[in-house]
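Chains, contacts and geometry: an overview
Here is how the chains run, residue by residue.
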Amino acid sequence: MQTVVSGIRPTGDLHLGNYFGALRNFVKMQNDYNCYFFVADYHSLTTHPHPDHLQVNVRKILSQYIAAGLDPEKCTLYIQSDIPETAEFYMLMNMNAYIGELERVVVFKEKARQNPDNINAGLLTYAVLMACDILIQKADYVPVGKDQEQHLEMTCKYARRFNNIYGVEYFKEPKAFSFGKDLIKVPGLDGSGKMGKSDNNGIYLIDSDKDIRKKVMKAVTDSGPTEPNSEKPQVIQNLFTFMNLVSEKSTIEHFENAWNDCSIRYGDMKKQLAEDIIKTVAPIRERIQEIEKDTDYLDKVAKMGAEKAHIRATQTVQEVRQIFGFRPVHY
Ligand code: TRP
C-alpha cells in the first residue's frame, strides 16, 4: 500500500474550508492508503505559542480530526513532537539546505513581511522540517494545496540532493496527491474566494447552530439579478458553491431557477443554506464535544499513533545517520 503523509499546524479550530478542502478526502483516503496524519506542533513554534495553548490546540485538532471521520485504527494519527527523531533528522538535513534558496520561499517571504520582528531560524528552515516529516515516513504522496506546492518541491529537491551528495539511491521523491474533481475550494462568506482562519470569514466545525445561522445571514450579497439567465457575480456564486457542498439537488435547482428568472430572494436562500450547513456541522460538533472531554481516549490515540509513526521514523533516521557517516549508537 502506498504511503500518504500530511500535517496541519495546531493554530486553532478547523473550519469548513479544512473540512471540504482536505479532511473529507482524508477520510476516504484512509481506506486505500497507508496514511500518516499528524499535528505539526514543532512547526507551530515559529510563532512562539504559550506552552499551555500548545497542548490545548494539539488536542483540538486531534479531536476535530477524529470527529470528522479519521479513524485512528485505520490511519496513523500522531503528534509530530512525539517523534523526536524528526528533530535529529531536521538538524542533519539543515546541513544541506542553503540560506539563499530558503530565503526565496514564497511562504517565508510572506511570513517575514507580516512579522518583521520574528524572523527566526525556524521560520527560515520551515521547508526543511516539512521535508523531514515527509521523508522520514518515505511518503509516496503528499496532499497539498496551492500554498504548499513550493514546500513539496523543496522536499523533492532535498531528497535528490541527499542522494547526490552521498551517492545513494535512498530517498525517492514524493508526489503531490491530487484530489482531482474532489478538490474543492470553499469560498469565504465575506465575498472572498477562500475560507481561511486569518480572514475571519469562516464557519467552524464547533460553531453552534445559532452561530451558523448568524454567519450565513450576514454573508455578502448584491442587489439581485436584473436580467434573466445572467452570469453570477462572485459573491453570489459563492453562495451557490456552498449549496453545492451541503444541499440537496432539488434545493440547488430551485435556487438556480429562481436566479435565472430573477425571482431569487437571498434571505430565503441563506436560510436554507444555513439549515443545510447545520446538517453537516451539528453531528460533527457533537462528536467533538464528546471526544474532547475524553482525555484518556485522546491520550490513547496519541500513544497509538506515536507507536506506529515511530517504527519507520526510527529506521529512516538510523539509516540516514549511517549514510552521513555516523556509526550506530549503542547505549
Ligand atoms: N506546512 C503545512 C501547512 O502549513 C503543514 C505541514 C507540516 C505539512 N509538515 C507537513 C503538510 C508535511 C504536509 C506534509 O499547511
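The written sequence of each chain sets the order in which its residues are numbered from 1. Reporting of local features is limited, given that this is a predicted model, to residues whose pLDDT is at least 70; pairs of side-chain atoms are given and counted only at 80 or more, and all residues count toward the totals for whole chains, interfaces and linings. Hydrogens are left out, water is left out, and the side-chain values use all remaining heavy atoms of the structure.

1. Re the side chain of H15
Let me state the cut-off plainly: In this text, helices come from DSSP runs of H or I with a minimum length of four residues, and strands from runs of E with a minimum of two, each type numbered from the N-terminal end. Any pair of nitrogen or oxygen atoms within 3.5 Å is treated as a polar contact; in protein, a donor-acceptor pairing is required on top of that, and neighbouring residues in sequence qualify only through side-chain atoms on both sides.
Counting through the fold element by element, H15 comes out in the loop between strand 1 (3–8) and helix 1 (16–29). Within the structure, H15 has its side chain in polar contact with the backbone nitrogen of G17 (distance 3.0 Å).

2. Looking at the packing of helix 10 (residues 209–217) against helix 13 (residues 266–293)
Put simply, the rule is: Convention adopted: a line fitted to C-alpha atoms gives each axis, helices being fitted over their contacting stretch, and angles between N-to-C directions are expressed from 0 to 180 degrees. The crossing is said to be left-handed when, going from far helix to near helix, the turn is anticlockwise and less than a right angle, and right-handed when the turn is clockwise. Residue contacts follow a heavy-atom distance rule, with two residues in contact if any of their heavy atoms lie within 4.5 Å. Each residue receives one of three labels: charged for Asp, Glu, Lys and Arg, nonpolar for Ala, Val, Leu, Ile, Met, Phe, Trp, Tyr, Cys and Pro, and polar for the others, Gly being one of them.
For the pair helix 10 and helix 13, the least separation of the axes is 9 Å and the interaxial angle reads 145°. Helix-helix and strand crossings are classified by hand; for helix 10 and helix 13 the assignment is right-handed. Along its contact with helix 10, which presents D209, I212, R213, V216 and M217, the element helix 13 presents G267, K270, K271, L273, A274, E275, I277, I278, V281, A282 and R285. Residue composition of the contact of helix 10 with helix 13, grouped by class: nine nonpolar, one polar and six charged.

3. Focus: the nonpolar core
The line we're drawing: The set of buried Ala, Val, Leu, Ile, Met, Phe, Trp, Tyr and Cys residues whose side-chain atoms join them within 4.5 Å is what this entry labels a nonpolar core. The buried label applies to any residue whose accessible area, calculated with a 1.4 Å probe on protein chains only, is under 20% of its type's maximum; exposed applies above 50%, and partly exposed to all values in between. Domain limits in this description derive from either an automatic procedure or a database domain assignment.
Judged by nonpolar contacts, the single largest core of 61 residues is most densely connected at L16, L23, Y65, L77 and I277. The element that contributes the greatest number of residues to this core is helix 13, accounting for eleven residues. Taken together, domain 1 (3–185 + 294–324) and domain 2 (209–289) each give at least three residues to this core, which thus spans both. In this structure, F108, L123, A139 and L152 belong to the second largest nonpolar core, which totals 43 residues.

4. As for the site of the ligand
For the record, the criterion: We call a residue near a molecule or strand whenever a single non-hydrogen atom of that residue lies within 4 Å of it. With residues, only the protein chains shown are counted as cover, and all accessible areas are computed by Shrake-Rupley using a 1.4 Å probe.
Around the ligand, the neighbouring residues are S6, G7, R9, F38, H43, Y126, M130, D133, I134, V142 and Q148. At 2.8 Å from a nitrogen atom of the ligand is found a side-chain nitrogen or oxygen belonging to D133. Residue Q148 places a side-chain N or O atom 2.9 Å away from a nitrogen atom belonging to the ligand. Protein chains bury 91% of the 370 Å² of accessible surface belonging to the ligand in isolation. At the level of elements, strand 1 and helix 8 (126–136) are the ones that each hand at least two residues to the shell around the ligand. Ranked by the residues each element gives to the shell around the ligand, the list is headed by helix 8, at four residues.

5. Structural notes on the domain arrangement of the chain
Selection rule: For any pair of parts, buried area is found by adding up, for both, the accessible area (1.4 Å probe) each one loses once the two are put together. Any carboxyl oxygen of Asp or Glu that lies within 4 Å of a side-chain nitrogen of Lys or Arg is treated as forming a salt bridge with it.
Each assigned domain of the chain is listed with its residue range as follows: domain 1 (3–185 + 294–324) and domain 2 (209–289). If you average the C-alpha positions of domain 1 and of domain 2, the two centres end up 35 Å apart. Contacts between the two partners involve ten residues from domain 1 and, on the opposite side, ten residues from domain 2. Buried surface at the junction of domain 1 and domain 2, summed over both partners, amounts to about 770 Å²; 80% is from carbon and sulfur atoms. Area buried by domain 1 at its contact with domain 2 is led by L16, F20 and A67, which between them contribute 58% of it. For the interface between domain 1 and domain 2, the tally reads zero salt bridges.

6. Here we look at the state of the cysteines
Note: disulfide means a covalent bond formed between the sulfur atoms of two cysteine side chains. Counted only if it meets this: Cysteine sulfurs are considered disulfide-paired once they come within 2.5 Å of each other.
Within this structure, the stated rule accounts for zero disulfides. Distance from the sulfur of C156, which forms no disulfide, to the nearest cysteine sulfur (C132) is 14 Å. With relative accessibility at 11%, the residue C156 sits in the buried group.

7. Things to note about the environment of G188
Residue position: G188 is located in the loop between strand 5 (175–177) and helix 10. When its relative accessible area of 2% is taken as the criterion, G188 is described as buried. Taking C-alpha positions, G188 is 31 Å from L298, a pair spaced 110 residues apart along the chain. Excluding anything up to four places from it in sequence, G188 contacts G193, K194, M195, N201 and N238.

8. Description of the environment of R161
Within the fold, R161 resides in helix 9 (residues 149–166). A residue is classified by how much of its surface remains accessible, and R161, at 17% relative accessible area, is buried. Along the primary structure R161 and M93 are separated by 68 residues, whereas in three dimensions their C-alpha atoms are 10.0 Å apart. Residues in contact with R161, not counting those within four places in the same chain, are N96, A97, Y98 and E101. Among the polar contacts made by the side chain of R161, one reaches the side chain of E101 at a distance of 2.7 Å.

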